[in-house]
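Spelled out, the chains give:
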Amino acid sequence: MVTRRSIAGMVGAVLAVIGLRPAFAVAGQSAAEDEMLDLGAFPYPLVAVYGAVVMETVERLRREGRGWPVVIGDDFSAGRVAGALSDAGAPPAEILKAAATFRYPEDVKADRAAERAELLAMLRADPSIDPAILDEFEAGPAVGEWPPTFDGVEALSGYPTMSPGDRIHIALLPTSDPTEVPAYLRFGGYNSCPPPQAHVATLRSLRDRYGAEIVACTFDTIELRVPRRPATREEALALARELHAYCNDTIDQGLETLSNYAAALMVSESWLFWWD
């Protein structure tokens, strides 16, 4: 049966097919994992540690001032980050220049609205999909009831709950400004994931309002540590709507309603964003 969630799950693949975003591609993607993990040409210093000590290692590297440390994930993820950096793309300085004129959240919302409009036009041409489902999808996520208790914090947290035995890679980037991480890693611009300059602008806005700092930037996720969080339900709901435009899968394939997302944003010190 086609549901709103299954429609949301189609978005990334459909966008790549119709050309709204280039598909995420890494040279040698079908190769064996040991071939994928060819990090010899990685343009920045790397530190590999077990998952059990990754956060304390990040803190130590920050104190040492050797560049901004950011978790890029396990062996598989690090290989894909390396592959993306090996492809031709805009240099960090060019991305940062574009970020300076990128309006957040206005440009993110406009880009998402245009993307969804084109996607919906194509899906409505498919007679097998119930129009009522598409109407619901077009309307956006429901507000829903505010949860009486909330235990969904893990939905917004990735690396603090990793397996202690995982081998995790930390990249040391040549900047003291954590909002520049997506520019140096050229993160985004595939499927429904915004381009790198949009991530930089988003991180700057969340830093200014909530003190957010990026902890991890894998091949398909960004995770922030957030010392200040929304103080009221109204503020949290407004932020949930804003962040749904930035990263819709947190609700569409996870928390399901704006109220659930808002409740998580008020209590979780880690905010995780994930894109197909």
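Given the structure is predicted, the values throughout are model-derived calculations rather than measurements.

1. Some words on helix α7 (residues 131–139)
All of the buried residues in α7 are Ile133, Leu134 and Phe137. Summarising the axial view, the buried residues of α7 lie within an arc of 95 degrees, below the 170-degree limit, and thus occupy one face. Turned more than 90 degrees off the buried face of α7, the exposed positions are Pro131 and Ala139. Of the residues that open α7, the one with a side-chain oxygen 2.9 Å from the backbone nitrogen of Ala132 is Asp130.

2. Section: the confidence of the model for the protein chain
Mean pLDDT for the protein chain: 83, with 82% of residues reaching 70 or above. Scored below 50 in pLDDT, residues 1–7 shows 21 contacts in the model against residues more than four places distant or in partner chains. Note on residues 9–36: pLDDT is under 50 here. Beyond four places in sequence and across chains, it has 54 contacts.

3. Describing the pattern of salt bridges
All told, the structure shown has twelve salt bridges when counted by the stated rule. Among the salt bridges present, the one from Glu64 reaches Arg66, with a minimum N-O distance of 3.2 Å. For Arg66, a relative accessible area of 46% gives the class partly exposed. Between Asp75 and Arg167 there is a salt bridge, and its shortest N-O distance comes to 2.6 Å. Taken as a pair, Asp75 in helix α4 (residues 75–86) and Arg167 in strand β3 (residues 167–173) lie far apart in primary sequence, 92 residues in all.

4. Thoughts on the packing of helix α5 (residues 92–101) against helix α9 (residues 196–210)
Here α5 crosses α9 at 55 degrees, and the two axes come no closer than 8 Å. The angle between α5 and α9 falls in the class oblique. The chirality of how α5 crosses α9 is right-handed. Counting all contacts with α5, which are made through Ile95, Leu96, Ala98, Ala99 and Ala100, the residues of α9 involved are Pro196, Gln197, Val200, Ala201 and Arg204.

5. Concerning helix α3 (residues 54–64)
For α3, every residue scored as buried is listed here: Val54, Thr57, Val58, Leu61 and Arg62. Projected down its long axis, α3 carries its buried residues within an arc of 140 degrees, all on one side. With respect to the buried face of α3, the exposed residues turned more than 90 degrees away are Glu56 and Arg63. Those residues of α3 that are buried lie in contact with β1 (46–50), β2 (68–73), β3, β4 (213–217) and β5 (221–225). Immediately beyond the C-terminal end of α3, within one or two residues, lies Gly65, with a positive phi of roughly 70 degrees.

6. Some details on the side chain of Thr179
Tracing the chain through its elements places Thr179 in the loop between β3 and α8 (181–185). Within the structure, Thr179 has its side chain in polar contact with the side chain of Arg204 (distance 3.4 Å). Sequence-distant contacts of Thr179, that is, excluding residues within four places in its chain, are made with Val200, Leu203, Arg204 and Arg207.

7. A look at the packing of helix α10 (residues 233–246) against helix α12 (residues 258–267)
Two numbers describe how α10 lies on α12: the axes approach to 8 Å, and their chain directions differ by 110 degrees. With respect to α12, the element α10 is oriented roughly perpendicular. Helix-helix and strand crossings are classified by hand; for α10 and α12 the assignment is right-handed. Note on element contacts: α12 touches α10 through Leu258, Ser259, Tyr261, Ala262, Leu265 and Met266, opposite Arg233, Ala236, Leu237, Leu239, Ala240, Arg241, Leu243 and His244. The residue inventory of the contact of α10 with α12, partitioned by class, reads ten nonpolar, two polar and two charged.

8. Comments concerning the side chain of Thr202
Structurally, the position occupied by Thr202 is in helix α9. Note on Thr202: relative accessible area 0%, which makes it buried. If we ignore the near neighbours within four places in the chain, the residues touching Thr202 are Tyr104, Val108 and Tyr246.

9. Thoughts on the pairing of β4
The side chains of a regular strand alternate, residue by residue, between the two faces of the sheet. Burial analysis of β4 places four of its five residues in the buried class, which makes it a mostly covered element. As defined by bridge partners, β4 adjoins β5 across four bridges and the pair is classed as antiparallel. In the strand pairing of β5, Ala216 is matched with Glu223. Counting the residues in the hairpin turn of β4 and β5 gives three residues.

What counts and how
Residues numbered from 1 in each chain as written. Predicted model: local features only at pLDDT ≥ 70, side-chain atom pairs only at ≥ 80, totals over all residues. Heavy atoms only, no water. Buried < 20%, exposed > 50% of the residue type's maximum accessible area, 1.4 Å probe, protein only. Helix = DSSP H or I, 4+ residues; strand = E, 2+ residues; numbered from the N terminus. Arc of directions from axis to C-beta. Polar contact = N/O pair within 3.5 Å; in protein donor to acceptor, adjacent residues only side chain to side chain. pLDDT = per-residue confidence, 0-100. Contact = heavy atoms within 4.5 Å. Salt bridge = Lys/Arg side-chain N within 4 Å of Asp/Glu carboxyl O. Axes fitted to C-alpha atoms, helices over the stretch in contact; angles between N-to-C directions. Parallel < 35°, antiparallel > 145°, perpendicular 65-115°, else oblique. Left-handed = near helix turned anticlockwise from the far one by under 90°. Nonpolar A, V, L, I, M, F, W, Y, C, P; charged D, E, K, R; others polar. Pairing = 2+ DSSP bridges.

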